[in-house]
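# Examining the three-dimensional arrangement
The primary structure of each chain is shown beneath.
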Amino acid sequence: MNIAHVDELDRIEMPEGFVWRPVRRRFGIRAFGVNAYSASAPGSQIVEERSESDLEHEELYLVLRGRARFTVEGDEHELGPGELVFVRDPVLRRGAVALDPDTIVLAVGGKPGEPYAVSAWEAMFAAVPAMREERWDDAIRIHEEALVEKPDHPALLYNLACMEARGGRGEEALAHLRRAVELEGKWAAHAASDDDFAAIRDDPRFPAS
Amino acid sequence: MPLRQELGLRAFGANCWTGEPGRHVVPQHSETSGDEELYVVVRGRARFTVDGQDVDAPAGTLIHVPAGETREAIAEEPGTIVLAVGATPGESFAARGWDEVVVAFAKARAGDVAGGRAVLAALLAREPESWEGDYNLACFAARYGERDEAFAALGRALAGGPADVADLARGDDDLAALHADPRWAELVG
């Protein structure tokens, strides 16, 4: 048994304004995705606006405390404690704004018809505090751990290359960036204008956009 | 509150349990199916016991229980609500139908026997090879006065299920209405 109160979960403030409170990662859950979210202040984003087109997850949101205004493909729903939103169609854009201080939303997700696989974005989110504090070795370690399960995930490889370039590991950064571009060509264009790669951009092996 | 069934969840199981002080909000069980479960105290307060360890769980508490650990929870405040989410690691989620059986019996107890029968019929149509489906249909039919149907379903459950289905049947109060019928001894012994 593992136990925690939502107020004891880690608080990882994301650049988009919402606060990620990791649940699956804390407990080591492997059968479904589950996380909590809070907001920096009333009126702030609490559920990132996005679709689930890439992962094809269906998602169930529960307002655990406070109030939130959900917007699902343009339709607004104001929810209080104990109220749920189920978004079956992964294509639908969804997001939520906190209306009360201390609002907490729980999100549960998975892809129907397939065993659950840990999403790569979790490692990228988990590395945010280390990146913010320029603890590059820690950020690199978090990405490397995620790559054990997803060795050919282009976004993870690209992010790892960013951390390595920032952390003075130019050779590793070039290798991982080139692998990311090999797997998914769009990353070359991202890299061309990404400040993370300033230290290695002049290397002749840097991928051309 | 059968969330999976009501909402049509397909990637994981989810249900809410409500209870007044002293009543179960999570019945005592272990997940022999391999499911891991996350319980979330949405409102009120509950006392969880997992493999003999007691935990006080006010609203906002999250409790993760791996498969195999025996768990139960009792409400300690009025209107306590616990959300339970579960699935098996490494497997595609498939509804096992126990929640539909609970709904079917609840409908019948509330006077909607036809509604309960329809829920069970849908379950059996989805899982025609399931001995559990036939067994539950036998219980339902026995409870609600359809002896012929009950014996037919029980016969299929005994034929298709494991060897201990007969033991299960002998100790099941739902089937008590069948005991006096000569077909009971023939089937169950």
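Bear in mind the structure is a predicted one, so any value in this text is a computation, not a measurement.

## Considering the overall build of chain A
Summing up its helical and strand segments, chain A has seven helices and eleven strands in all. Relative to its length of 209 residues, chain A is compact, with a C-alpha radius of gyration of 18 Å against a globular reference of 17 Å. Projected onto its principal axes, the C-alpha coordinates of chain A cover approximately 55 × 35 × 35 Å. Out of the 209 residues belonging to chain A, those deemed buried represent 38%. Put simply, 59% of the contacts in chain A that link residues at least 6 apart link residues at least 24 apart.

## Observations regarding the sheet that holds strand β11 (residues 104-110) of chain A
Spatially, β2-β3-β4-β11-β6-β9 (chain A) is the arrangement adopted by the six strands of the open sheet, whose pairing is antiparallel. At either margin of the open sheet sits one strand with a lone partner, and together these are β2 (12-13) and β9 (84-87) of chain A.

## Structural notes on the nonpolar core
Counting 65 residues, the largest nonpolar core has F32, I46 and V105 of chain A together with V82 of chain B as the members making the most contacts within it. Per-element accounting of this core gives the leading share, six residues, to strand β8 (residues 80-87) of chain B. The contacts of I46 of chain A, once residues within four sequence positions are left out, are F18, Y37, S38, A39, A68, A96, V97, A98, T103 and V105 of chain A. A126, I142, A161 and A173 of chain A belong to the second largest nonpolar core, which has 23 residues in total.

## Some thoughts on the domain arrangement of chain B
Annotation of chain B at the domain level lists domain 1 (3-87) and domain 2 (98-188). In this structure, domain 1 of chain B and domain 2 of chain B have C-alpha centres spaced 27 Å apart.

## Some details on the sheet that holds β8 of chain B
Paired through backbone hydrogen bonds, the strands of a sheet run either parallel or antiparallel to each other. Reading across the sheet, the five strands line up as β1(A)-β6(B)-β3(B)-β8(B)-β1(B) and stay open at both edges, with antiparallel pairing between neighbours. Among the strands making up the open sheet, the edge pair consists of β1 (2-5) of chain A together with β1 (13-19) of chain B. On average, each strand axis in the sheet is inclined to that of its neighbour by 20°, with strand direction left out of account. When strand β3 (residues 36-43) of chain B meets strand β6 (residues 61-65) of chain B, the two strands line up antiparallel, connected through four bridges. Along β6 of chain B, the bridge assignment pairs Y39 of chain B with I63 of chain B.

## Considerations on the environment of D75 of chain A
Inspection of the secondary structure assignment puts D75 of chain A in strand β8 (residues 75-79). Expressed as a C-alpha distance, the spacing of D75 of chain A and M14 of chain A, which sit 61 residues apart in the sequence, is 25 Å.

## Here we look at unusual backbone geometry
Residues and elements named next belong to chain A. You will see that E73, though not glycine, has its phi angle at about 50°, which is positive. Looking at the element boundaries, E73 is found in the loop between β7 (68-72) and β8. For E73, a count of 11 C-beta atoms within 10 Å puts it in the exposed group.

## Points about the domain arrangement of chain A
You'll often see interface size given as the accessible area lost when the parts meet. All names here are of chain A. The assigned domain composition of chain A is domain 1 (6-110) and domain 2 (121-197). On a C-alpha basis, the centres of domain 1 and domain 2 stand 26 Å from each other. Class assignment for the residues of the side of domain 1 that touches domain 2 results in four nonpolar, no polar and one charged.

## Comments concerning the confidence of the model for chain B
All names here are of chain B. On average, residues of chain B carry a pLDDT of 92, and 100% of them reach 70 or more. When mean pLDDT is compared element by element in chain B, β6 scores highest at 98, while helix α2 (residues 98-109) scores lowest at 88. Here the predicted complex scores 0.86 on pTM and 0.91 on ipTM.

## Examining the packing of helix α4 (residues 131-143) of chain B against helix α5 (residues 147-160) of chain B
All names here are of chain B. For the pair α4 and α5, interaxial distance at closest approach is 8 Å and the crossing angle is 155°. As summarised for this structure, α4 and α5 are arranged roughly antiparallel, according to the angle between their axes. Note on packing geometry: the crossing formed by α4 with α5 is left-handed. Along its contact with α4, which presents W131, D134, Y135, L137, A138, A141 and A142, the element α5 presents R147, E149, A150, A153, L154, R156, A157 and G160. Residues that form the contact of α4 with α5 fall into these classes: ten nonpolar, one polar and four charged.

## Here we look at the interface of chain B and chain A
Chain B puts 32 residues into the contact, and the matching count from chain A is 34 residues. Broken down by secondary-structure element, the contributors of at least two residues to the side of chain B that touches chain A are β3, β5 (53-58), β6 and β8 of chain B. Grouping the constituent residues of the side of chain B that touches chain A by class yields 19 nonpolar, eight polar and five charged. The pairing of β1 of chain A with β6 of chain B spans four bridges and is antiparallel. Note that in β6 of chain B the partner of I3 of chain A across the bridge is I63 of chain B.

## Here we look at the packing of α2 of chain B against helix α3 (residues 113-126) of chain B
Residues and elements named next belong to chain B. The interhelical angle for the contact between α2 and α3, taken along N-to-C directions, is 165°, at an axis separation of 6 Å. The angle between α2 and α3 falls in the class roughly antiparallel. Remark: the crossing between α2 and α3 carries left-handed chirality. When α2 is examined against α3, the residues E100, V103, A104, F105, K107 and A108 are found in contact with a partner set consisting of V113, G115, G116, V119, L120 and L123. For the contact of α2 with α3, a count of residues per class yields eight nonpolar, two polar and two charged.

The rules behind these values
Within each chain, residues carry numbers counting from 1 in the order of the written sequence. Chains carry letters and ligands carry numbers; both start at the beginning, A for chains and 1 for ligands, and go up in the order they are written. The predicted nature of this model means local features are confined to residues of pLDDT at least 70 and side-chain atom pairs, given and counted, to a pLDDT of 80 or more, with totals for whole chains, interfaces and linings taken over all residues. Under the DSSP-based scheme used, a helix requires at least four consecutive residues in state H or I and a strand at least two consecutive residues in state E, with every element numbered from the N terminus. As a reference, a globule follows 2.2 Å times the number of residues to the power 0.38, and the radius of gyration itself is taken over C-alpha atoms. Three exposure classes are used, based on other C-beta atoms lying within 10 Å of a residue's own C-beta, which is placed from the backbone: buried for 20 or more, exposed for 12 or fewer, and partly exposed in between. The contact criterion used is a C-beta to C-beta distance within 7 Å, with each C-beta placed from the backbone. Only strands joined by at least two bridges in the DSSP assignment are considered to pair. Working definition: the nonpolar core is a set of buried Ala, Val, Leu, Ile, Met, Phe, Trp, Tyr and Cys residues, joined through C-beta atoms within 7 Å. Start and end positions for the domains come from either an automated domain assignment or a database one. An axis is simply a line fitted to the C-alpha atoms; with a helix, the fit covers only the stretch in contact. Between two such axes, the angle follows the N-to-C directions and lies from 0 to 180 degrees. Charged residues are taken to be Asp, Glu, Lys and Arg, nonpolar residues to be Ala, Val, Leu, Ile, Met, Phe, Trp, Tyr, Cys and Pro, and polar residues to be all remaining types, Gly included. The quantity known as pLDDT measures the predictor's confidence residue by residue, on a range of 0 to 100. Working rule for angles: under 35 degrees goes down as roughly parallel, over 145 as roughly antiparallel, 65 to 115 as roughly perpendicular, anything else as oblique. Two helices that cross are described as forming a left-handed crossing if the nearer one is turned anticlockwise from the farther one by less than a right angle, and a right-handed crossing if clockwise.

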